[in-house]
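# Architecture and fold: a report
Read off the chains here:
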Amino acid sequence: AAEAGGAAGGTSSFKRKREEAQKAQAGSSHNWNPLFMRADAVGEAMAERYGVDKRQVLDSEGGGSLAVRLAQGETHLLSRAREWLPPPPAPP
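All figures in this text were calculated on a predicted structure; none of them were measured in a lab.

Further remarks concern the overall build of the chain. In terms of helices and strands, the chain carries five helices and zero strands. When the elements of the chain are put in sequence order from the N terminus, they spell out α-α-α-α-α. Burial statistics for the chain: of 92 residues in total, 13% are counted as buried. Counting only contacts in the chain whose residues sit at least 6 apart along the sequence, the fraction spanning at least 24 positions is 39%.

If you want it as structure tokens, here you go:
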């Protein structure tokens with residue numbers, strides 16, 4: 001019973017199995033996304049592209065939605081990244 005909840009200072013068998021699976025997959029090339037971009041990185045890239053301060057890009061007081069501006073910037077950056085990256089391998 002203590003093992004199921006991990007209350008006795010131990011780790012539940014579920015958590016142990018999950019950690020073991022995660023460790024086994026750590027070296028896999030399929031556990032990361034090369035196209036993932038953090039919002040602050042998108043903001044920095046947009047600011048550099050338009051020659052403005054990042055603060056101006058991320059200003060929620062400005063016109064339009066901040067989420068929409070970042071999504072549009074991310075879409076632009078991802079399309080450029082896809083042009084640069086090699087195509088994915090064909091499925092078996």
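Ranked by size, the top nonpolar core spans six residues in total: Val42, Met46, Ala47, Val57, Leu70 and Leu77. Among the secondary structure elements, those contributing two or more residues to this core are α3 (39-50) and α5 (66-84). With three residues, α3 is the single largest residue contributor to this core.

It is worth spelling out the pattern of salt bridges at this point. Here the idea is simple: oppositely charged side chains can pair when their charged atoms come close. On inspection of all chains with the given rule, the structure shows three salt bridges. Here Arg38 ties to Asp40 by a salt bridge, and the two come within 2.9 Å at their closest N and O atoms. Taking the shortest distance from any N to any O, the salt bridge between Arg55 and Asp53 comes out at 3.1 Å. Taking relative accessible area as the criterion, Arg55 reaches 62% and is therefore assigned exposed.

The subject of this paragraph is the packing of α3 against α5. Axis separation between α3 and α5 bottoms out at 9 Å; the angle between their running directions is 80°. By the criterion of interaxial angle, the relationship of α3 to α5 is roughly perpendicular. Residues Ala39, Val42, Gly43, Ala45, Met46 and Arg49 of α3 form the contact with α5, whose participating residues are Arg69, Leu70, Gly73, Glu74, His76 and Leu77. Residues that form the contact of α3 with α5 fall into these classes: six nonpolar, three polar and three charged.

Attention now goes to the confidence of the model for the chain. For residues with low pLDDT, the predicted coordinates do not support detailed interpretation. Of all residues in the chain, 80% have pLDDT values of 70 or greater, and the mean over the chain is 79. For the chain, helix α1 (residues 2-5) is the element with the lowest average pLDDT, namely 46, and α3 is the one with the highest, namely 89. Residue range residues 1-6 is modelled with pLDDT below 50. Its contacts to residues more than four positions away, or to other chains, number eight contacts.

What counts as what
- Residues numbered from 1 in each chain as written.
- Predicted model: local features only at pLDDT ≥ 70, side-chain atom pairs only at ≥ 80, totals over all residues.
- Heavy atoms only, no water.
- Helix = DSSP H or I, 4+ residues; strand = E, 2+ residues; numbered from the N terminus.
- Buried < 20%, exposed > 50% of the residue type's maximum accessible area, 1.4 Å probe, protein only.
- Contact = heavy atoms within 4.5 Å.
- Core = buried A, V, L, I, M, F, W, Y, C linked by side-chain atoms within 4.5 Å.
- Salt bridge = Lys/Arg side-chain N within 4 Å of Asp/Glu carboxyl O.
- Axes fitted to C-alpha atoms, helices over the stretch in contact; angles between N-to-C directions.
- Parallel < 35°, antiparallel > 145°, perpendicular 65-115°, else oblique.
- Nonpolar A, V, L, I, M, F, W, Y, C, P; charged D, E, K, R; others polar.
- pLDDT = per-residue confidence, 0-100.

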